[in-house]
Amino acid sequence: MKFLASIALPLYALDQATKWWIVQHLELYTERRTIIPNFFDLVYFSNTGAAFSAFTGKNTFFIVLSTVALIGLVVFYLRGAFKDRPSRWAVGLLCAGILGNLTDRFVHGHVVDFLLFNLHVRFADPWPAFNVADSCICTATGLFILAAILERKPASSAAAKE
């Protein structure tokens, strides 16, 4: 549990600190701070849906879903379901991301998104705004995929006879 907390809690704190700064210093939807001209801006957008603002307006649904997912992850972690290093890191990142966006839904009634990149490619002009929690969730997904790829399959009994 110490490992899980050592990953999740600092990232959760970073997520909440950056969102607090955005809420205190930028106006919702109207203000933009350019960091790298024509590439990266800080904004304050709200999102009551999921990734890329899908299912907008379903804040209560996502509060329930996030709570169940968070509890499930912690229970499975404590039962030793995540044995390899990438999976354990992924669970820590995923918990941080879920907790960060869940906190937003309770405190603000929406998720605070503030990182806006313009990748200058079709359908990513600009890329949808996101936050530290979203970055944790996406990185966790990548780590889970990596863990699945690296997982060694036990030899079947037929292969063992040969």
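Reading the values: rules and limits
- Residues numbered from 1 in each chain as written.
- Predicted model: local features only at pLDDT ≥ 70, side-chain atom pairs only at ≥ 80, totals over all residues.
- Heavy atoms only, no water.
- Helix = DSSP H or I, 4+ residues; strand = E, 2+ residues; numbered from the N terminus.
- Expected span 1.5 Å × (residues − 1).
- Buried < 20%, exposed > 50% of the residue type's maximum accessible area, 1.4 Å probe, protein only.
- Polar contact = N/O pair within 3.5 Å; in protein donor to acceptor, adjacent residues only side chain to side chain.
- Contact = heavy atoms within 4.5 Å.
- Axes fitted to C-alpha atoms, helices over the stretch in contact; angles between N-to-C directions.
- Parallel < 35°, antiparallel > 145°, perpendicular 65-115°, else oblique.
- Left-handed = near helix turned anticlockwise from the far one by under 90°.
- Nonpolar A, V, L, I, M, F, W, Y, C, P; charged D, E, K, R; others polar.
- Pairing = 2+ DSSP bridges.
- Core = buried A, V, L, I, M, F, W, Y, C linked by side-chain atoms within 4.5 Å.
- Salt bridge = Lys/Arg side-chain N within 4 Å of Asp/Glu carboxyl O.

Peer 1: Just to check I follow, could you spell out helix α3 (residues 85-107) for this structure?
Peer 2: Because each turn of an α-helix spans 3.6 residues, side chains separated by three or four positions in sequence point in the same direction. Given a rise of 1.5 Å per residue, 23 residues ought to cover 33 Å, and the 33 Å separating the end C-alpha atoms of α3 matches this to within 8%. A large share of α3 lies buried, amounting to 17 of its 23 residues. Its side-chain oxygen at 2.9 Å from the backbone nitrogen of Ser87, Asp84 defines the N-terminal cap of α3.

Peer 1: How should the side chain of Ser46 be read in this particular structure?
Peer 2: Within the element layout of this structure, Ser46 appears in strand β2 (residues 40-47). Among the polar contacts made by the side chain of Ser46, one reaches the side chain of Tyr29 at a distance of 2.6 Å. Ser46 has contacts with Leu28, Tyr29, His110 and Val111, leaving out every residue within four places of it along the chain.

Peer 1: Quick question: what am I supposed to make of the packing of α3 against helix α4 (residues 132-150) here?
Peer 2: The packing of two helices is summarised by the inter-axis angle and the distance between the axes. Viewed as axis vectors pointing N to C, α3 and α4 meet at an angle of 155°, and their least axial separation amounts to 8 Å. One finds that α3 runs roughly antiparallel with respect to α4. Crossing angle aside, the handedness with which α3 passes α4 is left-handed. Where α3 approaches α4, its residues Pro86, Ser87, Trp89, Ala90, Val91, Leu93, Leu94, Ala96, Gly97, Ile98, Gly100 and Asn101 are matched on the opposing element by Ala133, Asp134, Cys136, Ile137, Thr139, Ala140, Leu143, Phe144 and Ala147. For the contact of α3 with α4, the residue count by class is 15 nonpolar, five polar and one charged.

Peer 1: Teacher, can you tell me more about the pairing of strand β1 (residues 32-36) here?
Peer 2: One face of the sheet, then the other: side chains in a regular strand alternate in exactly this way. Where β1 meets β2, four bridges bridge the pair, whose relative direction is antiparallel. The partner of Ile36 across the bridge, within β2, is Phe40. Between the end of β1 and the start of β2, which pair antiparallel, lie three residues, with Asn38 showing a positive phi angle near 65°.

Peer 1: Please explain the nonpolar core as it appears in this structure.
Peer 2: In this structure, Ile22, Leu42, Leu73, Val91 and Cys95 are the most contacted members of the largest nonpolar core, which totals 27 residues. Of all the secondary structure elements, the ones that give two or more residues to this core are α1 (2-25), β2, α2 (59-78), α3, β3 (111-117) and α4. Top element by residues in this core is α3. It accounts for seven residues. Not counting residues up to four positions away in its chain, the partners in contact with Leu42 are Trp21, Ile22, Leu26, Glu31, Arg32, Arg33, Ile35, Phe114 and Leu115.

Peer 1: Quick question: what am I supposed to make of the pattern of salt bridges here?
Peer 2: Pairing between side chains becomes possible if they bear opposite charge and their charged atoms approach one another. This structure, assessed with the given rule, holds four salt bridges. For the salt bridge of Asp104 with Lys19, the shortest nitrogen-to-oxygen distance reads 2.7 Å. Residue Asp104 is located in helix α3, and its partner Lys19 is located in helix α1; the two are separated by 85 residues in the primary sequence. Per residue, the accessibility class of Asp104 equals that of Lys19, and both read buried. Across the salt bridge formed by Glu31 and Arg33, the nearest N and O atoms sit 3.7 Å from each other. Residue classification places Glu31 among the partly exposed residues on the basis of a relative accessible area of 26%. Each of Asp15, Lys19 and Asp104 takes part in a single network of salt bridges with overlapping partners.

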